[in-house]
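# Architecture and fold: a report
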Amino acid sequence: MFEHRYREDKLHGVPEFPLDIYKVEHPADAYSILPVHWHSEMEIIYLAEGKAEFRIEDRRFAVSAGEALIVHPGELHSGINDQGVVICYYSIVFKLSWLSSFQADRIEELFLGPILLEKARLPALLSTSVGTPSVLLDHVRQLLIRYKQRSPGYEMSIKGLLFLLIADICQYGLIKRNEDQGKRPAREANQQIKKLLAYMEEHARDKLDLDQLAAVVSLSRSHFCKFFKTQTGMRPMEYLNFIRINQAANLLRTGSYNVLEAALESGYQHASYFSKWFKFYMNMTPSEYKAYYSTGL
């Protein structure tokens, strides 16, 4: 199953080695495989099994097994299983500044600096189907292997592989100038949607309507609905239910709440409406979900 996060505050790795890798697996009937969220680190998502659609900001990518995505710091991203297949992916999360030198050098000036300053971007999709050299994906796979094996000096090899990945991206001319950098509308839209998601998270239990939500970002109702769908891929009320259902699921997993209590605590007044949305997102009824987790599975 999944947990809703619009802003991930989790510390990835440790200060002296700010990198972590997460293996995520989902059954074929799981629709959402990566909830909408963002963080200040760089992330590489490698799909090991299945086929899925991922969003990075307002861009959609159909990703197949053996392909990868690169998500820059601050970008909203999410993923869905629209094929009804078993999904397994690895999330490699690290601080890009970790690769920087303590002193200015050509590497910092010509390559890392522009990326850190958001003047240049790495390619979002690494796929041989769009012309990505296979060696780039080999670097990602080798990084996963070395992290899993954790042989002596693996930390150095992982850092070296990240350097090699960026170096080969440069070699093949795949680094692009960030056309959105400095463009006020794009940056404002990014900040607006993050502000709105934070508000929806905080007030999920309250009775919210479209006019209230539109007022948070100073938009008319019609413009707000279009803006929200563009930024998240979901309708506002659909996303609000997404938050509420995940909150209810968290409560049910604790074993301290029955179905009605979880529904009321998450902002639902009608059990039938709650059950409808719960099954839509969790692929099982609230009672089935509670029973599933009570077994300790």
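Structure: above.
Right, let's walk through the structure included here. (Residues numbered from 1 in each chain as written. Predicted model: local features only at pLDDT ≥ 70, side-chain atom pairs only at ≥ 80, totals over all residues. Heavy atoms only, no water.)

## Some details on the pairing of strand E5 (residues 59-64)
- In the sheet, strand E4 (residues 51-56) pairs with E5 via 6 bridges, with the strands oriented antiparallel. Within E5, the residue paired with Arg-55 across the bridge is Arg-60.
- Counting the residues between successive antiparallel strands, the hairpin from E4 to E5 contains 2 residues, one of them, Glu-57, with a positive phi of roughly 55 degrees. (Pairing = 2+ DSSP bridges. Helix = DSSP H or I, 4+ residues; strand = E, 2+ residues; numbered from the N terminus.)

## Considering the nonpolar core
- Judged by nonpolar contacts, the single largest core of 38 residues is most densely connected at Leu-196, Met-200, Phe-224, Phe-228, Tyr-239, Ile-245 and Phe-278.
- For this core, the secondary structure elements donating two or more residues are helix H4 (184-202), helix H5 (210-216), helix H6 (221-232), helix H7 (236-254), helix H8 (259-265) and helix H9 (271-282).
- Broken down by element, the residue count for this core peaks at 9 residues, all from H7.
- Filtering out sequence-adjacent residues up to four positions away, Met-200 remains in contact with Leu-213, Phe-228, Pro-236, Tyr-239, Leu-240 and Ile-243.
- Core analysis: the second largest hydrophobic core is formed by 31 residues, Leu-143, Leu-144, Tyr-154 and Leu-162 among them. (Core = buried A, V, L, I, M, F, W, Y, C linked by side-chain atoms within 4.5 Å. Buried < 20%, exposed > 50% of the residue type's maximum accessible area, 1.4 Å probe, protein only. Contact = heavy atoms within 4.5 Å.)

## Overview of unusual backbone geometry
- We note that Glu-57 has phi near 55 degrees; this positive angle belongs to a residue other than glycine.
- Tracing the chain through its elements places Glu-57 in the loop between E4 and E5.
- Residue Glu-57 is classed as buried on the basis of its relative accessible area of 14%.
- Phi is positive for Arg-150, close to 50 degrees, though the residue is something other than glycine.
- Here Arg-150 shows up in the loop between helix H2 (134-149) and helix H3 (154-171).

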